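Summary of structural features
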Amino acid sequence: MTLSQERILATEIPGPRSRALQERKVAAVSAGVGTTLPVYVEQAGGGILRDVDGNQLIDFGSGIAVTTVGNAAPRVVEAVQRQVADFTHTCFMVTPYEEYVEVCEKLAELTPGSHEKRSALFNSGAEAVENAVKVARHHTGRDAIVVFDHAYHGRTNLTMALTAKNMPYKHGFGPFAGEIYRAPMAYPYRWPGGPEACADEAFEAFVNTVHAQVGEDSCAAVLIEPIQGEGGFIVPPAGWLPRVADWCREQGILFIADEIQTGFARTGDWFASDHEGVVPDLVTTAKGMAGGLPLAAVTGRAEVMDSVHVGGLGGTYGGNPVACASALAAMETMQELDLPARAREIEAIFVPRLQALAQRHPERVGDIRGRGAMLAVELVSDGPGRTPDAALAGAVHRACSAEGLVTLTCGTFGNVFRFLPPLSIDDHLLSEGLDIFEAAFDRAAAGSQ
Ligand code: PLZ
């Protein structure tokens, strides 16, 4: 790795070159495309992003859970360079190539369950979700798709309909696709009957939604993120997910796990579904799978995936050979370095420190949750009152940015501070990043009492 693994503050953040680039951005890029931290990157690797002003920032975001194996990971660079020199595109639907097939073989090996599987490859997470819905409808001959409160599945027309949050994802972009129904999410911290009642009551509420609003035999699929991402890193209570999956099976409803954010070592298992032994009928993947190149997949039971007529699935770039080469190298890296274990180590480093923070700020840290290297704190203004405090999350985020720590927030109420470090980050950077976060939190909390 050529990039030194140290934080460097060479200028204020953003520095003069980044500010000049941001001016060009405003003049050339649609205002609809936002940037949370307008620091322009010129090199990245390990746990560091180096900007055009020579600053080196600690990365707690992984480009939204993508650079799981690290940025420009050595094996990925080598595989991509080789592939790009061999050929860049033929279109798999025209003249195929081995890398596509090999990625699908790897997906069959790594995704939950030992049954026979098939996959189809796409370019983005949203495209994978769209295609999972297409396959589910085609296979079942049913129309309705059930999703959950706080869900995030993408920004295309169908996936906007599947996504719960209005601003910024949906506002003014309707009308949306039909036959989408929403059930309450098993969200322990905010469950009206309290966290202990959440598993049973949320299961009952889910079944009632399907029964009363849809009708079991009209329902093609239930689509869920096993740990919700953009919606707030919401971890359902133990037992709830397997119950939902089992019930779907009894009703002939397909169970689709959207593992786009949770998949590929991120949560300390290969997939978040593995944690409770859930075996989905279909799984959508993207992000961490391909080491930073755009690649997404739908993987599922052979008879479901093969029920589609020849030519029914595809796209010009889906399973591009360079992206496939990158994915194969990324998956090998994850296996060889046992990155699920690394994610569990990261959890063990973070959780005690977040717990100490919660003890220091009982009125402001409402909840600590997540698994592996997908962790979050939910911020509130009044402790047990649970009033979301998005302003505090924003203030902590800005203070971290100024100190050279890249962080992300999320949540339906914008009040969840989330941690998604690359699994290639060194312990000393994790610890330094946490120091910065804690100091920023202490100052922001004191300033907004
Ligand atoms: N499903 C579970 O997390 C992408 C979106 C960021 P694409 N999440 C980050 C933003 O503001 O656009 C995501 C996800 C889950 C689907 C998607 C969509 O994946 O590759 O962004 O289309």
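Residues numbered from 1 in each chain as written. Predicted model: local features only at pLDDT ≥ 70, side-chain atom pairs only at ≥ 80, totals over all residues. Heavy atoms only, no water.

1. Here we look at the site of the ligand
As a matter of local geometry, the ligand sits amid 15 residues, with G125, A126, R155, D258 and Q261 nearest to it. Separating an oxygen atom of the ligand from a side-chain N or O atom of R155 is a distance of 2.7 Å. Separating a nitrogen atom of the ligand from a side-chain N or O atom of K287 is a distance of 3.1 Å. Isolated, the ligand exposes 510 Å² of accessible area, and the fraction of that covered by the protein chains is 82%. (Near = heavy atom within 4 Å. Polar contact = N/O pair within 3.5 Å; in protein donor to acceptor, adjacent residues only side chain to side chain. Areas by Shrake-Rupley, 256 points an atom, 1.4 Å probe, with all protein chains shown as cover.)

2. Side note on the pattern of salt bridges
Across all of its chains, the model carries 24 salt bridges by this definition. E116 is paired through a salt bridge with R118; the nearest N and O atoms lie 2.8 Å apart. Classification of E116 by relative accessible area gives exposed; the value is 53%. With its nearest N and O atoms 2.6 Å apart, the salt bridge here joins R364 to D389. Residue R364 is located in the loop between α11 (339–360) and β11 (365–371), and its partner D389 is located in the loop between β12 (374–379) and α12 (390–402); the two are separated by 25 residues in the primary sequence. Since its relative accessible area comes to 7%, R364 is described here as buried. If you follow the salt bridges from partner to partner, you end up with R190, D367, R369 and E378 in one network. (Salt bridge = Lys/Arg side-chain N within 4 Å of Asp/Glu carboxyl O. Buried < 20%, exposed > 50% of the residue type's maximum accessible area, 1.4 Å probe, protein only. Helix = DSSP H or I, 4+ residues; strand = E, 2+ residues; numbered from the N terminus.)

3. What about the packing of aromatic side chains?
Where two aromatic rings form a pair, the distance of their centres and the angle of their planes describe that pair. Going through the model one piece at a time under the given rule, you end up with 17 aromatic pairs. A ring pair is formed by F92 and Y97, whose centres lie 5.5 Å apart and whose planes are at 80 degrees; its orientation type is edge-to-face. Assessed through its relative accessible area of 23%, F92 is described here as partly exposed. For the pair F148 and F206, a centre-to-centre distance of 5.8 Å together with 25 degrees between the ring planes defines the contact as stacked. Highlighted residues: F148 in strand β5 (residues 144–148) and F206 in helix α7 (residues 195–214), separated in sequence by 58 residues. For F148, a relative accessible area of 1% puts it in the buried group. Ring pairing ties together the aromatic residues F60, F350, F417, F419, F437 and F441, which thus form one cluster. Between K170 and the ring centre of F176, over which it is positioned, the NZ or CZ distance is 5.3 Å. The ring centre of Y189 lies 5.7 Å from the NZ or CZ of R386, which sits over that ring. (Phe/Tyr/Trp six-rings, centres within 6.5 Å; stacked < 30°, edge-to-face > 60°. Lys NZ or Arg CZ within 6 Å of the ring centre and 35° of its normal.)

4. Focus on helix α4 (residues 98–110)
Compared with the 18 Å implied by 1.5 Å per residue over 13 residues, the 18 Å span of α4 between its first and last C-alpha is a close match. Within α4, the full set of buried residues consists of E99, Y100, V103, C104, K106, L107 and L110. Taken around the axis of α4, the buried residues stretch over an arc of 160 degrees, which confines them to a single face. Seen from the buried face of α4, the exposed residues on the opposite side, beyond 90 degrees, are E98 and E105. Looking at the buried side of α4, the elements it contacts are α3 (74–86), β4 (117–122), β9 (282–285), β10 (296–301) and α10 (321–336). (Expected span 1.5 Å × (residues − 1). Arc of directions from axis to C-beta. Contact = heavy atoms within 4.5 Å.)

5. Comments concerning the side chain of H150
Locating H150 in the fold gives a position in the loop between β5 and α6 (157–162). At 2.6 Å, the side chain of H150 forms a polar contact with the side chain of T412. Filtering out sequence-adjacent residues up to four positions away, H150 remains in contact with A164, M185, Y187, E225, Q228, G231, I234, T412 and F413.

6. Digging into the sheet that holds β9
The 7 strands lie next to each other as β4-β10-β9-β8-β7-β5-β6, forming an open sheet whose pairing is mixed. In this open sheet, the two strands that pair with only one neighbour each are β4 and β6 (180–183). Shown here is a sheet whose adjacent strand axes are inclined to one another by a mean of 20 degrees, direction ignored. Bridge count between β4 and β10: 6 bridges; the pairing is antiparallel. Along β10, the bridge assignment pairs A120 with V298. (Pairing = 2+ DSSP bridges. Axes fitted to C-alpha atoms, helices over the stretch in contact; angles between N-to-C directions.)

7. Some remarks on the pairing of strand β1 (residues 41–45)
Pairing between β1 and strand β2 (residues 48–51): 4 bridges, direction antiparallel. By the bridge assignment, Q43 is partnered in β2 with R50. Linkage of β1 to β2, two consecutive antiparallel strands, is achieved through a turn of 2 residues, within which G46 is found at a positive phi near 65 degrees.

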